[in-house]
Every structure is written in structure tokens, then in C-alpha cells.
Amino acid sequence: MPTVDDVLEQVGGFGWFQKQAFLTLCPLSASFAPIYVGIVFLAFTPDHRCLSPGVAELSRRCGWSPAEELNFTVPGPGPAGDAFPRQCLRYEVDWNRSALGCADPLAGLAANSSPPALGPCRHGWVYDTPGSSIVTEFNLVCENSWKVDLFQSCVNVGFFLGSVGVGYIADRFGRKLCLLATTLISTVSGVLTAVAPDYASLLLFRLLQGLVSKGSWTAGYTLITEFVGPGSRRDVAILYQTAFTVGLVLLCGLAYALPHWRGLQLAVSVPTFLFLLYYWCVPESPRWLLSQKRNTQAIKIMGRIAHKNGRPPPADLKALSLEEDVTDKLSPSFADLFRTPHLRKHTFILMYLWFTSSVLYQGLIMHLGATGGNLYLDFLYSALVEFPAAFVILVTIDRVGRIRPLAVSNLVAGAACFAMTFISHDLHWLSIAVACVGRMGITIVFQMVCLVNAELYPTFVRNLGVMVCSSLCDLGGIITPFLVFRLMEVWQGLPLILFAVLGLVAGGMTLLLPETKGVALPETIEDAENLRRKAKPKENKIYLQIQTSELQALERDASLGTEGQR
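Residues numbered from 1 in each chain as written. Predicted model: local features only at pLDDT ≥ 70, side-chain atom pairs only at ≥ 80, totals over all residues. Heavy atoms only, no water.

Draft legend 1. Representation of the overall build of the protein in the model. When you go through the protein residue by residue, the secondary structure sums to 25 helices and four strands. Considering only contacts in the protein between residues 6 or more positions apart, those separated by 24 or more positions represent 80%. Carbon and sulfur atoms make up 64% of the accessible area of the protein, which amounts to about 26,300 Å² in all. (Helix = DSSP H or I, 4+ residues; strand = E, 2+ residues; numbered from the N terminus. Contact = heavy atoms within 4.5 Å. Areas by Shrake-Rupley, 256 points an atom, 1.4 Å probe, with all protein chains shown as cover.)

Structural data, given as C-alpha cells:
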């Protein structure tokens, strides 16, 4: 009986139908970018100072320039250039007193030639920005600055908690239903985030969006990879992830055009209602339909694919079935990931690689947003380098292999972070250039680790292995905002030192993994243990098994013939 891959080879593995489906689902991948890294624009922290009642009136009466007003009424930057006093403390002065002079209003108040006492900001803050963010609206600065970290961590908590549940829905009720349901909930929660009246409801809607948005992206990824033939599957998967980069570029343009966070949030959320049109544009996965014994529907969809691609349906299409495999009958368990020495080592290394890739990828974006000169241009430059990163993967993955490019990319990302700590603030262009190199390196890691993860596990625990290891990616995303923004309060370069250590260690640990280029996917735990022995390609194994079974049949026939003669 023909399998889905057999039929796809006959009707076109990447014909007009697959190209149309790919282009239709790519906007879904792009729409995930504002959810994943939108914090850079939604929660940017502009320069700010305490609001002091009476200062504005005194400034008008005295005719001060903005620079003079800051000089006379706002504390200095503090020791060693620390901005905290200027941003979070105010002079304990009643600026409404008429006795204050214009030349030096604090001179008559100073005791023993010392400035007046400093106190906390009791009346709010003044923000030097023409736009707005959740920071400026909810005053998430100074002692409340940690709430910005929590805002981003909530979406990663949602990713972590939702991965298992959404995966079950996709396997139980279908990829298409999962895609539509998660898209609807993500869109509604995105709109609710834009109209949230307070910080608590903002966190709630952000968490809800995180619970389903990654599942929506994954459902689209699964659908498109199950529609194409095996020869195009890897390239399509990489290009689908590249659509995410397109989303980053579009996000930058939207943020520049819409400087107010509520308008930006609506702009990236409302258009995603159009994804509900997938109900009519995208069919269900034939593979999933066959797994649910809904063969008639699967055959109908395969016939539709053949018609779209201009190919005649195969004569044996009605006998379509899933490929039988003995290993499918094995029940996977969490313990299988640690059962043998090599599997145990691979699992721990892959967990660390997923964790590191998330911390460095999100961390570099957040650090750039917090320290960059021009937020929009810096973000755009660092996003554009992800396109050559995808090209590097497509060119090297079959020529050089997986492990060496993965290790080098980790080392490059770590080295770039380390080098950034020594670059002077006056050489901002050089800092951005080095950051872009690090961003390209960690982007290659992010895309390649998923492929390597799947190739190192035997069939019956492959999905479980990817799910467990990639969950460390979400855990890394949960703690990254706290690592970046809290460590920057100590020293701006401190997060980069941490990123450098993580990246360099990841590069070394990657070399402990076996190369999987040209090696058949392991079917059993024994195969996974022997990957370093460079097993022959799967096609050769199947050929040998067929030849062996034919030889055994011939021997059996010969034996029966001999007995008949007796």
C-alpha cells in the first residue's frame, strides 16, 4: 500500500498546491514576531525624572530653557555616571514658594553649602518621549521596574504551560482545528491587551496569549511540513522560520509609524483575524486524517493536491495508508531519554543548547533595546542579519554537516557578546556591528538545534525528546528579562559577560554530539547509542533487509522442495 510520501512523490512534493499553502501560512509565522520580542517597543523605557509640582510654573516665570530647568531642579546623575538619582529621586523642595530666585533657586535653601535632601518621586514622573509604552503609562520605573521583566516573562510562562496542552489538541483534534482555535484566542487576547485598563489585566491577557500563540505557530509549521514531500521538507521548515524574520522587519516599521503602544498592539493583533480564513484556504493534514482512520477524507485531499499540481491521481491512491513501523508500537516514556549513557549525554547537552539559544537570542534583543542609540534602526539592522543566517544554514547543512556549524555559531555568538563589553560607548556603530554578528550566530543555533534534536533520538521517543528539551527554551525566556534588566542596574556590560560564558560553553558542548549528516534516523535506542559509528543510510538498511528476507524465502522454498522429493 502506498504511503503519503509515496503519493506526494507522484503528485508533486512541492508543486503549486504546496507553494500556495506555504505562502498562505507564512504570514502566521510572521505574526508571531510581535508576541515574542514586541517588548522592545511595547515596554521601552525612555529617559525620565520625577514630577515636581511647581517646577513648570517656575520655569515659565524665569524663562528657563529645558536644559536650565533640568540643571536647576533635577539631581545630577550621581557617582560614576549612575542615572538612578536623576531618574528616581527628587529634591525635597516646595517649588511653589515665591521666594525662590531664578539665577540659582537652590542657593538660598542649601545648608552648609550642601544641596537639599533627596526624596522619592511622590507625584509620578516626566518622560522624555513623544510616544508612550506600558512603562510610561503604568509608571514601571525605579522600584517598579521589575514589572517590565514580569510582563515579558508571562508570555514565556504561557509558552511553557501551553506547549503540552496545545500539542495534545493538535494530535487529538487535528492540526487545522488547533490552528484556528489558537489563532482566535491569540487574536482576541492581543486585542484585549491593547485595551487593558491596568497592569494586572495586562499580565493576564499576556499570559493567555502566550498559552496559545506558540501553539498556533507550531500548528502552521506542522501543517506545511506535512504537505510537502520529504525532499523539500527541511528547506520549507527553514524558510517558514525565515518568515518570522520578515515579521521582525515589519514590526520595526509599524513601531516607528505608531509610537504609542496601544495603537501598535492593535495594529499587530487585529489583522490576525484574517487567519480565520484558513478554514476555507487550508485543508487538514492527510497524515493526521490517516492516523485517525479517516481515509476517505485523506484520499480526497491527496486527489485535490494532485489536481492543483496538474498531475493525475495515482492508480493506487485508494489504498493510501500510513507507513507501518514496528517502533511505533513502543510506548515512549520520560525515562527513555536518560536510559543509556549516550542518550543521557545527548539529552543534557540539548537541554543546555535550547536554554542558551533562548537566553542569548532574547537577551541580545532586549539589551540592544535598552542601550541602543536609535531603537528602530538598531532593531532593524539586527533583524536583517537573520536572512543571511538562513542562507548559511541552507548552504552548509548538507555540505559541512550539522555539528560544526552549530558549534561555530555558538562560539561566534559568545565571542561577540564578550567583545561588546570592551567597545566604547562612543563607537556605537561598532557595537551594533558586533551585536549583529552575535545575533546572526545565535539565529543559526536557534534554527539548527531543532533539526539536530530530532535526528539524535529514536523514532518512538523523538517527539517526546524534542518537547522535553525545547521546554528549556521557554524556561530560558522566563528568566531572561530579569537577567538583562536587573544585571544592567549593576553594570551595563554584565549581561553580556553572562551571555558570552553561556555561548562559549555551548560551543564546546556541541562538539560532544555525534554528526548526523548522511546518517539514517535512529529507529531504536541501540541505533541512537551507535550514532558515532556512522551507520549506513536507512535506504541501504531497508535494501539489505529485503535481500535477506528474499534469501530466507528462497532457502525455505528449497527446503520444502527437498522434503517433497523425500
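Draft legend 2. Focus on helix α13 (residues 261–269). Listed in full, the buried residues belonging to α13 are W261, L264, Q265, V268 and S269. Projected down its long axis, α13 shows its buried positions confined to an angular sector of 125°, all on one face. Contacts made by the buried residues of α13 are with α3 (33–37), α4 (39–42), α8 (134–138), α10 (175–194), α11 (199–227) and α12 (233–257). (Buried < 20%, exposed > 50% of the residue type's maximum accessible area, 1.4 Å probe, protein only. Arc of directions from axis to C-beta.)

Draft legend 3. Spatial organisation of the packing of helix α18 (residues 375–384) against helix α19 (residues 386–396). Remark: α18 packs on α19, axes separated minimally by 4 Å, with the N-to-C direction vectors making an angle of 10°. Regarding the angle of α18 to α19, the classification is roughly parallel. Where α18 approaches α19, its residues S382, A383 and L384 are matched on the opposing element by E386, F387 and P388. Of the residues that constitute the contact of α18 with α19, the class distribution is four nonpolar, one polar and one charged. (Axes fitted to C-alpha atoms, helices over the stretch in contact; angles between N-to-C directions. Parallel < 35°, antiparallel > 145°, perpendicular 65-115°, else oblique. Nonpolar A, V, L, I, M, F, W, Y, C, P; charged D, E, K, R; others polar.)

Draft legend 4. Geometry of helix α1 (residues 4–11). Inspection of α1 places V4, V7, L8 and V11 among the buried residues, and these make up the whole buried set. One side of α1 carries all its buried residues, which in axial view fall inside an arc of 100°. Tucked into the core, α1 has its buried residues touching α2 (16–30), α11, α15 (286–291) and α16 (295–308).

Draft legend 5. Broad picture of the packing of α18 against helix α21 (residues 428–455). Two elements in contact, α18 and α21, have axes separated by 8 Å at closest approach and are oriented at 35°. As α18 packs across α21, the resulting crossing turns out to be right-handed. On α21, the residues touching D378, Y381, S382 and A383 of α18 are H428, I432, C436 and R439. A class-by-class count of the residues in the contact of α18 with α21 yields four nonpolar, two polar and two charged. (Left-handed = near helix turned anticlockwise from the far one by under 90°.)

Draft legend 6. Representation of unusual backbone geometry within the structure. Of note in the backbone geometry, N139 takes a positive phi value of approximately 55° without being a glycine. One can find N139 in the loop between α8 and α9 (146–173). On the basis of relative accessibility, which here comes to 25%, the residue N139 falls in the partly exposed class. In the Ramachandran plot, C142 falls in the positive-phi region, its phi being about 55° despite a non-glycine side chain. For C142, a relative accessible area of 14% translates into the label buried.

Draft legend 7. Fine view of a nonpolar patch on the surface. Together, L184, I185, V188, L192, V195, L208, L266, V270 and F273 make up a nonpolar patch on the protein surface, roughly 650 Å² of accessible area in all. Sort the elements by how many residues they give to the nonpolar patch and α10 lands first, with four residues. Here V188 lies in helix α10. (Patch = residues over 30% accessible without salt bridge, like charges linked within 9 Å, V, L, I, M, F, W, Y side chains within 5 Å. Salt bridge = Lys/Arg side-chain N within 4 Å of Asp/Glu carboxyl O.)

Draft legend 8. Seen up close, the packing of aromatic side chains. Under the counting rule described, the total for this entry stands at 21 aromatic pairs. Measuring from centroid to centroid gives 6.1 Å for F32 and F244, while their planes differ by 50°, and the two rings are tilted. Here the residue F32 occupies a position in the loop between α2 and α3, and F244 occupies one in helix α12, the gap between them amounting to 212 residues. We classify F32 as buried; its relative accessible area is 9%. Judged by relative accessible area, F244 falls into the buried class, the value being 10%. Between F418 and F422, the aromatic rings sit 5.1 Å apart at their centres with planes inclined by 70°, giving edge-to-face as the arrangement. Classification of F422 as exposed rests on a relative accessible area of 63%. In this arrangement the basic side chain of K147 is found over the ring face of Y199, its NZ or CZ atom lying 5.5 Å from the centre. (Phe/Tyr/Trp six-rings, centres within 6.5 Å; stacked < 30°, edge-to-face > 60°. Lys NZ or Arg CZ within 6 Å of the ring centre and 35° of its normal.)

Draft legend 9. Examining the state of the cysteines more closely. Within this structure, the stated rule accounts for two disulfides. Each sulfur in the disulfide pair C50 and C121 lies 1.6 Å from the other. Across the S-S bond of C50 and C121 the torsion is about -45°, and the bridge reads as left-handed. Of this pair, C50 sits in strand β1 (residues 48–50) while C121 sits in the loop between β3 (118–120) and β4 (125–127), and the two are 71 residues apart along the sequence. On the basis of relative accessible area, C121 is assigned to the buried category, the value being 12%. Between the sulfur atoms of C88 and its disulfide partner C142 the distance amounts to 2.0 Å. Residues C88 and C142 are joined by a disulfide whose S-S torsion is about -95°; by sign, that bridge is left-handed. Highlighted residues: C88 in helix α7 (residues 84–88) and C142 in the loop between α8 and α9, separated in sequence by 54 residues. (Disulfide = S-S within 2.5 Å.)

Draft legend 10. Molecular detail of the nonpolar core. Grouped together as the largest cluster of nonpolar side chains are 137 residues, with contacts concentrated most on Y36, F41, I134, L350, Y361 and F379. Per-element tally for this core: the top contributor is helix α17 (residues 341–371), with 14 residues. Apart from the residues lying within four places of it in its own chain, the contact partners of Y36 are Q152, N156, F159, F244, S358, Y361, Q362, F446 and C473. Formed by ten residues, the second largest nonpolar core is a distinct cluster that contains L58, W64, F72 and Y91. (Core = buried A, V, L, I, M, F, W, Y, C linked by side-chain atoms within 4.5 Å.)

Draft legend 11. Looking closely at the pattern of salt bridges. Applying the stated criterion across every chain yields a total of 14 salt bridges. The partner of R402 in a salt bridge is D398, with the nearest N and O atoms 3.6 Å apart. For R402, a relative accessible area of 7% corresponds to the buried category. Members of the salt-bridge network, linked through shared partners, are R234, D235, D398, R402 and E455.

Read these as layout, nothing more, since geometry by itself doesn't imply function.
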